[in-house]
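In case you want the letters, here they are:
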Amino acid sequence: MFNDIGALEVVTLVILGVLVFGPDKLPKVIQDASRFIRKIREFSESAKEDIRTELGPEFKDFEFEDLNPKTFVRKQLMDGNDDLGLKEIRESFDLRKEMAEVTDAVHGRETTSVESAGSAAITAANGSPGAPDLLKKREQPAKDDRPPFDADAT
């Protein structure tokens, strides 16, 4: 909870506590605050235990942290539970490889792999028949030419 508080913040809080409560009342205030935090923790733990007992024996290993969507997704999809074959899908989807192939095609360099989704851009850049040449500059229309107008699109 307080993992990101540094030494300067602690010193500032102590000085602020001394100024607000005074040096003689500060230990009592700290005791009351720690007692209050302890009671809240006990209350939340007992509430969790009550919920676990009410859910029944099939939910005895239920953790409330699993209700966090990030934790739930990580536990269900990223852990060893690979019933759906998601590990192979994750490994086959290598975006860096595909992006490298696309940049190679844009810069006109040759690549050896033509199996990924970037292969369409490579064949288009190499000028295969029926594919537009993406590296070729467009012709500038004459000043009198108007672009096509589609009444349904506007």
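Keep in mind it's a predicted model, so treat the numbers as computed, not measured. Every chain is numbered on its own, with residues counted from 1 as its sequence reads. Only residues with pLDDT of at least 70 are given local features in this predicted model, and only at 80 or more are side-chain atom pairs given and counted; all residues enter the totals for whole chains, interfaces and linings. To get the side-chain values, all heavy atoms of the structure are used, and hydrogens and water are removed first.

Description of the overall build of the chain
Consideration 1: Each helix and strand counted, the chain has six helices and zero strands in total.
Consideration 2: Secondary structure is summarised from DSSP: a helix means a run of H or I of at least four residues, a strand means a run of E of at least two, and numbering begins at the N terminus for each. Shown N-terminal to C-terminal, the secondary structure of the chain runs as helices and strands in the order α-α-α-α-α-α.
Consideration 3: With 154 residues in all, the chain has 12% of them scored as buried.
Consideration 4: Contact between two residues is taken to exist if any of their heavy atoms lie within 4.5 Å; hydrogens are not considered. Partitioning the contacts of the chain with sequence separation of at least 6, the portion at a separation of at least 24 is 5%. Partly exposed residues are those whose accessible area sits between 20% and 50% of the maximum for their type, while under 20% is buried and over 50% is exposed, using a 1.4 Å probe and protein chains only.

Re the side chain of Arg-52
Consideration 1: Structurally, Arg-52 can be placed in helix H2 (residues 26-55).
Consideration 2: Its relative accessible area of 15% is what places Arg-52 among the buried residues.
Consideration 3: The residues touching Arg-52, leaving out its near neighbours within four places in the chain, are Lys-60, Phe-62, Glu-63 and Phe-64.

Quick word on the pattern of salt bridges
Consideration 1: Salt bridges are identified by distance alone: a Lys or Arg side-chain nitrogen within 4 Å of an Asp or Glu carboxyl oxygen. A complete count under the given rule lists three salt bridges for this structure.
Consideration 2: A salt bridge links Arg-52 to Glu-49; its shortest N-O distance comes to 3.4 Å. Here Arg-52 pairs with Glu-49, and both are found in helix H2, just three residues apart, close to one helical turn.
Consideration 3: Among the charged side chains, a salt-bridge network with shared partners connects Lys-28, Asp-32 and Arg-35.

Some points on a nonpolar patch on the surface
Consideration 1: A cluster of nonpolar side chains, contributed by Ile-5, Val-10, Val-11, Leu-13, Val-14, Ile-15, Leu-16, Val-18, Leu-19, Val-20 and Phe-21, occupies part of the molecular surface with about 980 Å² of accessible area.
Consideration 2: Mapped onto the secondary structure, Val-20 falls in helix H1 (residues 7-21). Patch membership is restricted to residues that have no salt bridge and whose relative accessible area is over 30%. Joining uses 9 Å for like charges and 5 Å for the nonpolar side chains Val, Leu, Ile, Met, Phe, Trp and Tyr. Using the Shrake-Rupley algorithm and a 1.4 Å probe, accessible areas are obtained, with residue cover drawn only from the displayed protein chains.

Digging into H2
Consideration 1: How far a helix is expected to stretch is found by multiplying one less than its residue total by 1.5 Å. Taking 1.5 Å of rise per residue, the 30 residues of H2 would be expected to cover 44 Å, and the 44 Å separating its terminal C-alpha atoms lies within 8% of that figure.
Consideration 2: One or two residues past the end of H2 sits Gly-56, with phi positive at roughly 110°.

Side note on helix H5 (residues 95-107)
Consideration 1: With 13 residues, H5 ought to run about 18 Å at 1.5 Å a step, and its terminal C-alpha atoms sit 18 Å apart, in line with that.
Consideration 2: Residues of H5 that are buried: Glu-98, Glu-101, Asp-104 and Ala-105. The buried residues of H5 occupy an angular sector of 120° when projected down its axis, which confines them to one face. Facing away from the buried side of H5 by more than 90 degrees, the exposed set consists of Arg-96, Val-106 and His-107.
Consideration 3: Following H5 by one or two positions, Gly-108 has its phi on the positive side, about 80°. The arc refers to the directions leading from the helix axis to the C-beta atoms.

Describing the confidence of the model for the chain
Consideration 1: Per-residue confidence for the chain gives a mean pLDDT of 75, with 70% of residues at or over 70.
Consideration 2: Per-residue confidence from the predictor is reported as pLDDT, a score between 0 and 100. Across the chain, the secondary-structure element scoring lowest on mean pLDDT is helix H6 (residues 119-125), at 47, and the one scoring highest is H2, at 91.
Consideration 3: Considering only residues more than four positions removed or in separate chains, one finds that residues 113-127, a stretch of pLDDT under 50, has 23 contacts.

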